[in-house]
Amino acid sequence: MIILGIESTAHTFGASIIDFDNKKVLSNEKMNYTTKSGGMIPSKVADFHVENCDKVIDSALEKAGKTFEDVQLISFSQSPGIGHMLKIGAFAARTLSKRLNVPIIGVNHCIAHLEIGRVLTDAKDPVLLYASGANTQVIAYEGGKYRVFGETLDIGIGNFLDSLARFLGLGFPGGPKIQELAKKGKKFHKLPYVVKGMDVSFGGLLTHCKNLYSQKKISIEDLCLSVQETVFAMLLEVSERAMAHTGKKELLLGGGVACNTRLQEMSNIMCKERDAKCFILENQYNVDNAAMIAMLGGMMHTSGTRQELKDTEVNPYLRTDEVLVSWRN
Ligand code: ATP
Ligand code: FE2
């Protein structure tokens, strides 16, 4: 089955063609909305997606060597995300589904991050550490549902890194810039480490880091090093606790921050110490991508899930544990 996947939960508009029967990604295209300074204004990002969606979809078909006539299912990100942007992907998916007369299926973006890992690696039943710009969650399958075992109580880890980088004058996206500077750091400074039960929080740490730097109490390199060591240890503490609680022996990283090599290294160490396996995807599948949307759409369709156009309304706030899981037993 040839599936077209469409992703538009945030600043990325993505389109992918997969050969679902052979679990092969034939193309995985994307365009990212960026700004020189300041944050994202949802209506502006939505305009960007409207302007570029056909280019990205055409490019995905071309790279895959397919045409619209080959497409047998259309899958799109239905939840969660920013409403303005979700609606553009849903609109494109509905239009194509009607025009091509093929079924449509809306999927949950967070669960797609986990499912692409089960397809592309040997992971069977992992705990997902989903660390992206807006999201920071530890997710695993238990009792017939995907459950969130821990999450951020305020901002996402990527937004934290981006805000700090903006303050330090490093530009956007901040994660990769902080990673490079951290490599040159020499001394670890103890910073506030905020784990509350299974949850983490970054707001207070952000203020603390800004104050330390303003008062010239730390070099930029040492700050980046100390920040990475601290926040990644927090993420891995809650991930490890979720693994212990569920008895799962696999950890999967997902989200843009999973591209960070120090986080990958620390994850490998944690897993090794508890005799578990750590799975790391290629960067193109860590960041927001449409291949994972196509893959989850294929799993749902094959397990019998069907959607009418009237059921394809987007839901920016759907919780992970509200998703009916039809494709796992
Ligand atoms: P979502 O909508 O799922 O929350 P997103 O729109 O934030 O996703 P992603 O592409 O998943 O998009 O993640 C982007 C984030 O990843 C940014 O905050 C960026 O700084 C961070 N990032 C990218 N590369 C690295 C890296 N090497 N180290 C740390 N952070 C990184
Ligand atoms: Fe994401």
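These notes cover the structure that comes with them.

Calculation notes
- Residues numbered from 1 in each chain as written.
- Chains lettered and ligands numbered in written order.
- Predicted model: local features only at pLDDT ≥ 70, side-chain atom pairs only at ≥ 80, totals over all residues.
- Heavy atoms only, no water.
- Near = heavy atom within 4 Å.
- Polar contact = N/O pair within 3.5 Å; in protein donor to acceptor, adjacent residues only side chain to side chain.
- Areas by Shrake-Rupley, 256 points an atom, 1.4 Å probe, with all protein chains shown as cover.
- 1 Å grid on protein atoms, 1.4 Å probe; cavity = no way out; pocket = protein on both sides within 12 Å on 5 of 7 lines; lining within 4 Å.
- Sits in = over half its atoms within 2 Å of the grid points.
- Helix = DSSP H or I, 4+ residues; strand = E, 2+ residues; numbered from the N terminus.
- Nonpolar A, V, L, I, M, F, W, Y, C, P; charged D, E, K, R; others polar.
- Domains from an automatic or database assignment.
- Phe/Tyr/Trp six-rings, centres within 6.5 Å; stacked < 30°, edge-to-face > 60°.
- Buried < 20%, exposed > 50% of the residue type's maximum accessible area, 1.4 Å probe, protein only.
- Axes fitted to C-alpha atoms, helices over the stretch in contact; angles between N-to-C directions.
- Left-handed = near helix turned anticlockwise from the far one by under 90°.
- Contact = heavy atoms within 4.5 Å.
- Points joined across faces, edges and corners; volume = space filled by probe spheres on them.
- Salt bridge = Lys/Arg side-chain N within 4 Å of Asp/Glu carboxyl O.
- Pairing = 2+ DSSP bridges.

## Comments concerning the site of ligand 1
Item 1. In the vicinity of ligand 1 there are 24 residues, among which Y130, S132, G133, D162 and D288 approach most closely.
Item 2. G158 is positioned with one of its backbone polar atoms (N or O) 3.3 Å from an oxygen atom of ligand 1.
Item 3. When isolated, ligand 1 has an accessible area of 640 Å², and the protein chains bury 90% of it.
Item 4. Spatially, ligand 1 is embedded in the largest pocket.
Item 5. Going through the elements one at a time, α4 (157–167) and α5 (174–183) are the ones with two or more residues in the shell around ligand 1.
Item 6. In terms of residue count, α5 provides more of the shell around ligand 1 than any other element does, 4 residues in total.
Item 7. Counted by class, the shell around ligand 1 contains 9 nonpolar, 13 polar and 2 charged residues.
Item 8. Among the domains, domain 1 (2–113 + 288–322) and domain 2 (122–280) are the pair contributing at least three residues each to the shell around ligand 1.

## Describing the packing of aromatic side chains
Item 1. With the rule as written, the count across this model stands at 4 aromatic pairs.
Item 2. Ring geometry for Y33 and F48: centres 5.6 Å apart, planes at 75°, overall edge-to-face. Placement of Y33 in the loop between β3 (24–32) and α1 (42–64) and of F48 in helix α1 is noted, with a sequence separation of 15 residues between them.
Item 3. Overall, F48 belongs to the buried group, its relative accessible area being 16%.
Item 4. Through a chain of ring-to-ring contacts, the aromatic side chains of Y141, Y146 and W327 assemble into a single cluster.

## Comments concerning the packing of helix α7 (residues 220–246) against helix α8 (residues 261–273)
Item 1. Across the interface, α7 lies against α8 with an axial gap of 10 Å and an inter-helix angle of 40°. Relative to α8, α7 is oriented so that their crossing is right-handed. Here Q228, E229, F232, A233, L236, S239, E240 and M243 of α7 come into contact with α8, specifically with R262, L263, M266, S267, M270 and C271.
Item 2. Looking at side-chain class alone, the contact of α7 with α8 contains 8 nonpolar, 3 polar and 3 charged residues.

## Description of the environment of G81
Item 1. Considering the arrangement of structural elements, one finds G81 in the loop between β4 (73–79) and α2 (83–100).
Item 2. Classification of G81 by relative accessible area gives partly exposed; the value is 25%.
Item 3. Leaving out residues up to four positions away in the same chain, G81 has contacts with T9, L86 and P316.

## Brief notes about the layout of surface pockets
Item 1. Of the pockets and cavities examined, the largest pocket occupies roughly 1,400 Å³.
Item 2. For the lining of the largest pocket, the secondary-structure elements that each account for two or more residues are β3, α3 (109–120), β7 (136–142), α4 and α5.
Item 3. At 6 residues, the largest contribution of residues to the lining of the largest pocket is made by α4.
Item 4. Here the residues of the lining of the largest pocket sort into 18 nonpolar, 24 polar and 6 charged.

## Thoughts on the pattern of salt bridges
Item 1. Applying the stated criterion across every chain, the model contains 11 salt bridges.
Item 2. As a salt-bridge pair, E229 and R262 come within 2.7 Å of each other at their nearest N and O atoms. Taken together, the positions of E229 in helix α7 and R262 in helix α8 put the pair 33 residues apart, joining distant regions of the chain.
Item 3. By sharing partners, the salt bridges in this structure join D125, K248 and R328 into a single network.

## Focus on the sheet that holds strand β11 (residues 250–254)
Item 1. Pairing in this open sheet of 5 strands is mixed, and the strands run β8-β7-β6-β11-β12 from one edge to the other. Taken across any chain shown, the strands that pair with only one partner, and hence form the sheet edges, are β8 (145–151) and β12 (277–279). Averaged over all pairs of adjacent strands, the angle between strand axes in this sheet comes to 25°, irrespective of strand direction.
Item 2. Examined bridge by bridge, β7 and β8 share 6 bridges and lie antiparallel to one another.

## Quick look at the pairing of strand β2 (residues 12–19)
Regular strands have side chains that alternate between both faces of the sheet.
Item 1. Among the 8 residues in β2, 8 count as buried, and that is most of the element.
Item 2. Going residue by residue along β2, you find T12, G14, S16 and I18 tucked away on one face and F13, A15, I17 and D19 tucked away on the opposite face as well.
Item 3. Sheet topology places strand β1 (residues 2–7) next to β2; 6 bridges connect them, and they run antiparallel. Within β2, the residue paired with G5 across the bridge is S16.

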